[in-house]
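Topology and contacts: notes
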Amino acid sequence: MKKIIARLRQFLLVNTSSKQTVIKNTFWLILAEWVSKWSIAIITILIWRLFGTEVFGIYSYRWVILAFLLIFADLGLTTLLIRDYQHLASHERSHYLSQWLKTKWLLSIWVILIFGIILVLSTDDLVIRQVGVMLLLYSLTSSFLEYLRGSFRSLQRSQVEFQIKLIQGVGNLCIIPLLFFVSSIVSIIGAQALVCIITIIYAWYTIQKKQDINTYSKNQEYQINRVELLKSGWMFAMSGVFVSIYYYVDSLILKIYRDYAEVGIYNAAYRLAFMFTLPITILWNAIMPKLRALIIKSKKEFR
């Protein structure tokens with residue numbers, strides 16, 4: 001029995017072969033996405049039921065606008081990290097993360113300014129503006145968190161990514177009782193942003209503890225600047241633009257001809273249907289880092 005447990009533990013925690021690594025990462029990513037997405041789905045359903053379709057429509061419509069803007073707060077940097085981070089030495093990883101954080105902050109400032117202008121020009125309703133501001137905070141913190149999780153995905157250590165998503169999922173579930181005691185959706189979105197911030201702190205601590213990162217010295221040969229990062233990531237950013245248009249433009253068009261209530265009904269059904277596309281995304285997230293490692297190591301082995 002002990003041998004079986006030891007073998008199972010090794011299979012689920014240690015990378016030994018290409019096939020085993022993909023299976024292991026797929027297993028952990030399935031658990032991670034299940035915990036993360038369903039905790040959010042439960043909150044989404046309760047927001048719809050407790051606050052009404054019109055409030056949920058306001059929430060969904062502002063989120064759709066932010067989904068487009070968040071592409072410009074990332075510009076392909078997360079996908080770039082998942083692709084390249086695994087090939088860096090420990091001192092290079094420290095430099096890479098440092099340069100990314102500076103770039104991310106600059107891009108986020110631009111997104112804050114643009115979204116602020118959109119909020120001011122599009123509505124005079126104070127509640128809608130408050131919802132927009134809290135969604136902006138929540139979405140930006142989620143974007144930072146996704147990047148930090150991506151470092152473990154690149155290293156093909158999805159079991160750690162599961163731990164991070166588990167922390168976030170448990171935090172989201174703790175928000176559920178709050179839904180029955182507050183009268184404003186702004187408080188709920190703020191609580192979700194707080195959960196993201198706490199999870200970011202845990203993720204950063206985990207990176208420092210479980211990744212071999214040494215302090216970077218300017219005298220070392222490896223150098224990368226923010227311009228190089230943006231040049232390398234623009235193709236992934238364009239891909240994100242087209243994917244976002246495919247998934248979200250219908251909500252924008254619907255708002256032109258219908259009110260917030262109908263936008264809310266549409267998005268409530270759409271989000272539940274979207275859950276069934278997760279298997280494809282999970283499989284790609286598990287395979288892509290390994291394919292990248294194989295093609296760098298040997299094109300023959302990749303084939």
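For the structure, see preceding data.
Rules of the game
Residues numbered from 1 in each chain as written. Predicted model: local features only at pLDDT ≥ 70, side-chain atom pairs only at ≥ 80, totals over all residues. Heavy atoms only, no water. Helix = DSSP H or I, 4+ residues; strand = E, 2+ residues; numbered from the N terminus. Buried < 20%, exposed > 50% of the residue type's maximum accessible area, 1.4 Å probe, protein only. Contact = heavy atoms within 4.5 Å. Areas by Shrake-Rupley, 256 points an atom, 1.4 Å probe, with all protein chains shown as cover. Salt bridge = Lys/Arg side-chain N within 4 Å of Asp/Glu carboxyl O. 1 Å grid on protein atoms, 1.4 Å probe; cavity = no way out; pocket = protein on both sides within 12 Å on 5 of 7 lines; lining within 4 Å. Points joined across faces, edges and corners; volume = space filled by probe spheres on them. Nonpolar A, V, L, I, M, F, W, Y, C, P; charged D, E, K, R; others polar. Core = buried A, V, L, I, M, F, W, Y, C linked by side-chain atoms within 4.5 Å. Expected span 1.5 Å × (residues − 1). Axes fitted to C-alpha atoms, helices over the stretch in contact; angles between N-to-C directions. Parallel < 35°, antiparallel > 145°, perpendicular 65-115°, else oblique. Left-handed = near helix turned anticlockwise from the far one by under 90°. Phe/Tyr/Trp six-rings, centres within 6.5 Å; stacked < 30°, edge-to-face > 60°. Lys NZ or Arg CZ within 6 Å of the ring centre and 35° of its normal.

Once that is clear, we can look at the overall build of the chain. Each helix and strand counted, the chain has 12 helices and 0 strands in total. Start at the N end of the chain and walk to the C end: the helices and strands fall as α-α-α-α-α-α-α-α-α-α-α-α. Classification of the 303 residues of the chain by burial places 47% in the buried group. Restricting the contact set of the chain to residue pairs at least 6 apart, pairs at least 24 apart contribute 81%. Of the roughly 16300 Å² of accessible surface on the chain, a fraction of 68% belongs to carbon and sulfur atoms.

Throughout the structure, instances matching the rule amount to 2 salt bridges. Among the ionic pairs, Arg-129 bridges to Asp-124, the shortest N-O distance being 3.6 Å. For Arg-149, the salt bridge goes to Glu-146, with nearest N and O atoms at 2.5 Å. Linking Arg-149 with Glu-146, this pair stays in helix α6 (residues 126-154), spanning 3 residues, or about one helical turn.

What follows is about the layout of surface pockets. Volume-wise, the second largest pocket comes out at about 220 Å³. Taken together, Leu-101, Trp-105, Ser-108, Ile-109, Ile-112, Leu-137, Leu-140, Thr-141, Phe-144, Leu-148, Ile-200 and Trp-204 make up the full set of residues lining the second largest pocket. Only α5 (90-122), α6 and α8 (185-210) provide two or more residues apiece to the lining of the second largest pocket. Residue composition of the lining of the second largest pocket, grouped by class: 10 nonpolar, 2 polar and no charged.

Grouped together as the largest cluster of nonpolar side chains are 37 residues, with contacts concentrated most on Ile-47, Phe-115, Val-131, Leu-135, Ile-188 and Ile-189. Counting only elements with at least two residues in this core, the list comes to α2 (18-51), α3 (53-71), α5, α6, α7 (158-179), α8 and α10 (260-274). Beyond its immediate chain neighbours, meaning those up to four positions away, Val-131 contacts Ile-58, Tyr-59, Ile-185, Val-186 and Ile-189. Judged by nonpolar contacts, the second largest core, of 20 residues, contains Leu-77, Leu-81, Phe-152 and Ile-164.

This next bit is on α3. Each full turn of the α-helix corresponds to 3.6 residues, which orients residues three or four apart in the same direction. A rise of 1.5 Å per residue sets the reference length of α3, with its 19 residues, at 27 Å; its end C-alpha atoms lie 27 Å apart and thus fit the reference within 8%. Most of α3 sits out of view: 15 of its 19 residues are buried.

It is worth spelling out the packing of α6 against α7 at this point. Running from N to C, α6 and α7 cross one another at 155 degrees; their axes reach a closest spacing of 7 Å. As far as their axial angle goes, α7 and α6 are roughly antiparallel. Once α6 is placed against α7, the crossing between them reads as right-handed. Across the interface between the two elements, Leu-145, Arg-149, Phe-152 and Arg-153 from α6 touch Ser-158, Val-160, Glu-161, Ile-164, Lys-165 and Gln-168 from α7. Each residue belonging to the contact of α6 with α7 can be placed in one class, and the counts come to 4 nonpolar, 2 polar and 4 charged.

Our next topic: α6. Relative to the 42 Å expected for 29 residues at 1.5 Å per residue, α6 spans 42 Å between its end C-alpha atoms, a close match to the ideal helical length. The buried fraction of α6 is high, at 22 of 29 residues. A positive backbone phi angle near 60 degrees is found at Gln-156, which sits one or two residues after α6.

A word on the packing of aromatic side chains. Counted by the stated rule, this structure contains 1 aromatic pair. Ring centres 5.1 Å apart and planes at 45 degrees place the aromatic pair Trp-105 and Phe-144 in the tilted group. Here Trp-105, found in helix α5, pairs with Phe-144, found in helix α6; they are 39 residues apart in sequence, far enough to count as distant. By relative accessible area, Trp-105 is classed as exposed at 54%. Looking at Lys-104, its charged tip hangs above the ring of Phe-144, at a distance of 5.5 Å from the centre.

With that settled, consider the environment of Tyr-138. Position of Tyr-138 relative to the elements: it lies in helix α6. Taking the relative accessible area as the measure of exposure, Tyr-138 reaches 5% and is therefore buried. Distance from Tyr-138 to Ala-193, taken between C-alpha atoms, is 4.2 Å for residues 55 residues apart in sequence. When sequence neighbours within four positions are dropped, the list of residues in contact with Tyr-138 reads Ile-40, Trp-63, Ile-189, Gln-192, Ala-193 and Cys-196.

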